[in-house]
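Chains, contacts and geometry: an overview
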Amino acid sequence: MEFDMHTKQKRKSWLQPLIVPAITLPCLAYFAMHAQSGRYGIEAGAALQTELQQKSSVYDELVSQREALEQRVELLSDGTLERDMIDERSRGSLNLSTADEVTILLGSRDRE
């Protein structure tokens, strides 16, 4: 019995070591681009920070308006009604004033 032994030899290609870097480099470039200019990237972070500061100032203004309204409601609540507040409310709703008073008309935007 004779065995025919054949060996297969492969020549190594010079392209084989370049396959993994050829796949990873475009992926890295994609993620780097989105880290810079994507929706939540570095550039968008600065815009979000500016918007946060604007919204915070609006929020602070609304909080001060609310505190002023809460104070007015507290003055009108039961047991602590003050004559000035009652007088102001009644004159405002009835559009009444006496001859010796100066009336200042406020628009809807000017009221607290």
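Residues numbered from 1 in each chain as written. Predicted model: local features only at pLDDT ≥ 70, side-chain atom pairs only at ≥ 80, totals over all residues. Heavy atoms only, no water.

Comments concerning the overall build of the chain
Across its full length, the chain carries three helices and zero strands. Classification of the 112 residues of the chain by burial places 4% in the buried group. (Helix = DSSP H or I, 4+ residues; strand = E, 2+ residues; numbered from the N terminus. Buried < 20%, exposed > 50% of the residue type's maximum accessible area, 1.4 Å probe, protein only.)

Some details on the packing of aromatic side chains
In this structure the tally under the stated criterion is one aromatic pair. Here the aromatic rings of Tyr30 and Phe31 are separated by 5.3 Å at their centres, their planes lie at 75 degrees, and the arrangement is edge-to-face. The partly exposed category is assigned to Tyr30, whose relative accessible area is 45%. Judged by relative accessible area, Phe31 falls into the exposed class, the value being 57%. (Phe/Tyr/Trp six-rings, centres within 6.5 Å; stacked < 30°, edge-to-face > 60°.)

Regarding the confidence of the model for the chain
Looking at the chain, the pLDDT average stands at 82 and 85% of residues meet or exceed 70. At the low end of the mean pLDDT range in the chain sits helix 3 (residues 83-94), at 76; at the high end sits helix 1 (residues 19-37), at 93. (pLDDT = per-residue confidence, 0-100.)

Some thoughts on the packing of helix 2 (residues 42-76) against helix 3
Contact geometry for helix 2 and helix 3: axes closest at 9 Å, N-to-C directions at 105 degrees. Comparing the axis directions of helix 2 and helix 3 gives the class roughly perpendicular. Here Arg72, Leu75 and Leu76 of helix 2 lie close against helix 3, whose contacting residues are Met85, Glu88 and Arg89. Of the residues contributing to the contact of helix 2 with helix 3, the split by class is three nonpolar, no polar and three charged. (Axes fitted to C-alpha atoms, helices over the stretch in contact; angles between N-to-C directions. Parallel < 35°, antiparallel > 145°, perpendicular 65-115°, else oblique. Contact = heavy atoms within 4.5 Å. Nonpolar A, V, L, I, M, F, W, Y, C, P; charged D, E, K, R; others polar.)

Some points on the pattern of salt bridges
By the definition in use, this model includes one salt bridge. For Arg66, the salt bridge goes to Glu70, with nearest N and O atoms at 2.8 Å. You can see Arg66 and its partner Glu70 sitting in helix 2, four residues apart, about one turn around the helix. (Salt bridge = Lys/Arg side-chain N within 4 Å of Asp/Glu carboxyl O.)

Concerning helix 3
Compared with the 16 Å implied by 1.5 Å per residue over twelve residues, the 16 Å span of helix 3 between its first and last C-alpha is a close match. Backbone geometry just downstream of helix 3 places Asn95 in the positive-phi region, at approximately 55 degrees. (Expected span 1.5 Å × (residues − 1).)

Brief notes about a nonpolar patch on the surface
Together, Trp14, Leu15 and Leu18 make up an exposed nonpolar region whose accessible area comes to about 380 Å². Checked against the element boundaries, Trp14 lands in the segment before helix 1. Accessibility expressed as a relative area gives 67% for Trp14, which makes it exposed. (Patch = residues over 30% accessible without salt bridge, like charges linked within 9 Å, V, L, I, M, F, W, Y side chains within 5 Å. Areas by Shrake-Rupley, 256 points an atom, 1.4 Å probe, with all protein chains shown as cover.)

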